[in-house]
Amino acid sequence: MQQKKALLVCPGRGTYNKSELGYLQRWHSDKGTLLAQIDAYRESCSQPTISELDAADTYSMSTHTRGDNASALVYACAYADFLSIDQSKFEVQAITGNSLGWYVALGCASALTEQNALHVINTMGTFMHQHLQGGQIIYPLVDQEWREIAGRKEMIQQVLAQVNQQAACELYISINLGGFVVFAGNDAALKVLTSLLPIEQERFPMRLYNHSAFHSPLLQSISEMGRDVLASSMFQQAPVPMIDGRGHIWQPLSTDVGALWDYTLGEQVVESYNFSKAIQVAVKEFAPEQIIILGPGTTLGGAVAQSLIAINWQGLSCKQDFIRRQQSAEPLILSMGIEEQRALVVAD
């Protein structure tokens, strides 16, 4: 069987939701050694184990979305999914991710060992929880057919400037997420922003629960704490290319490990994360036959598709084009959080 060239996409923190409860039990009962290692690490930090969180009777927003819990849960699910990919079917050409997904990508690419990836992710997630700063609001740039709304980007810039003119307000672009923009700001700024943005699709602007002001200067202290406790010696050369939140490609053998550490705990924490650009650069540079999105969750597929539509990748111009492609014999995106698509990725 000839391997297909694949781009691997790692999910961010907000992907383990109510419908994902039990994800590890459902799909990864065969990975007892990995899960036991993660549980042992969590116990050493006096934190609930991921097995306990995943096996809870009910999903708790206050518990499962906390930075110290959500980060480790998403990593466990995503990395276990990565290990489940049928290597005889797919050759991973490059790896990228959204937000927390950058840390996960480092683990999947072996720029961090399993234990070091867990340590980085759990440490940064815990810092985020302990020192919660501001929050995030998500807002659409495209209509419900995933076509860009005329004048929307210009309006976003005008509103951004307007909010920052208000006393005690700090507002930034946190993530370019396909057809959405994610804002990061302090509470005063988010309150003003909510009052200025027109209501869209009856639910936007939407405040993201238990999220800090990720990818903004408001997290400078988190960056500094991470640098203090996470040594650059933990990082290493990766055998597979990685695309970061600037669209920069970290190539095997030529990566400056110190620069990788510096970006991961510096710019990646305090500057905007351009997930859209990461996807666009990845497909242009590596021309994958299929894009595999690790679980948990199913929401990242839309952002990936919207990023491709924005550059008319392989003729995609709207949501219906994407749906038709997905219903063909060769779907472009395979989301491991969707059972039918998962079956096409894992070994029989």
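Notes on the structure follow. (Residues numbered from 1 in each chain as written. Predicted model: local features only at pLDDT ≥ 70, side-chain atom pairs only at ≥ 80, totals over all residues. Heavy atoms only, no water.)

Let us look at the sheet that holds strand β8 (residues 249-250). Here we have 6 strands laid out as an open sheet, ordered β8-β7-β2-β1-β10-β11, and mixed in their pairing. Looking along the sheet, the strands with just one partner apiece sit at the ends: β8 and β11 (333-335). With 2 bridges connecting them, strand β2 (residues 90-97) and strand β7 (residues 242-243) associate as parallel partners. Paired with Ile-95 across the two strands is Met-242, which belongs to β7. (Pairing = 2+ DSSP bridges. Helix = DSSP H or I, 4+ residues; strand = E, 2+ residues; numbered from the N terminus.)

It is worth spelling out the pairing of strand β3 (residues 135-140) at this point. Judged by how many residues are buried, β3 sits mostly within the fold: 6 of 6 residues are covered. Neither face of β3 is open: one carries Gly-135, Ile-137 and Tyr-139, the other Gln-136, Ile-138 and Pro-140, and all of them are buried. Relative to strand β6 (residues 206-207), β3 runs antiparallel, the two sharing 2 bridges. In the sheet register, Ile-138 faces β6, and the bridge partner there is Met-206. (Buried < 20%, exposed > 50% of the residue type's maximum accessible area, 1.4 Å probe, protein only.)

Glancing now at helix α9 (residues 187-196). For α9, the complete set of buried residues consists of Ala-189, Leu-190 and Leu-193. For α9, the arc enclosing every buried residue in end-on projection is 95°, short of the 170-degree limit, so these residues lie on one face. Turned more than 90 degrees away from the buried face of α9 sit Lys-191 and Ser-195, all of them exposed. Tucked into the core, α9 has its buried residues touching β3, α8 (152-164), β4 (171-177), β5 (180-185) and β6. (Arc of directions from axis to C-beta. Contact = heavy atoms within 4.5 Å.)

With that settled, consider the side chain of Lys-31. Turning to its location among the elements, Lys-31 is positioned in the loop between α1 (23-27) and α2 (32-44). Here the side chain of Lys-31 touches Asp-30 through a polar contact of 3.4 Å, side chain to side chain. (Polar contact = N/O pair within 3.5 Å; in protein donor to acceptor, adjacent residues only side chain to side chain.)

On to the environment of Asn-69. For Asn-69, the location among the structural elements is in helix α5 (residues 67-84). Using a relative accessible area of 2% as the deciding quantity, one classes Asn-69 as buried. A sequence separation of 56 residues divides Asn-69 from Arg-13, and the C-alpha atoms of the two residues are 9.8 Å apart. If we skip the residues at most four places from it in the chain, Asn-69 touches Arg-42, Pro-48, Leu-53 and Thr-63. Among the polar contacts listed, one links the side chain of Asn-69 to the backbone oxygen of Thr-63, at a separation of 2.9 Å.

Moving on: the pattern of salt bridges. The full count for this structure, using the stated rule, is 10 salt bridges. The salt bridge involving Arg-207 is made with Asp-187; its shortest N-O contact spans 3.1 Å. Of this pair, Arg-207 sits in strand β6 while Asp-187 is found in helix α9, placing the two residues 20 residues apart along the sequence. Ionic pairing is found between Asp-262 and Arg-227, a salt bridge with its closest N-O pair at 2.9 Å. Of this pair, Asp-262 sits in helix α11 (residues 257-265) while Arg-227 sits in helix α10 (residues 220-229), placing them 35 residues apart in sequence. Connected via shared salt-bridge partners are Asp-244, Arg-246 and Glu-267. (Salt bridge = Lys/Arg side-chain N within 4 Å of Asp/Glu carboxyl O.)

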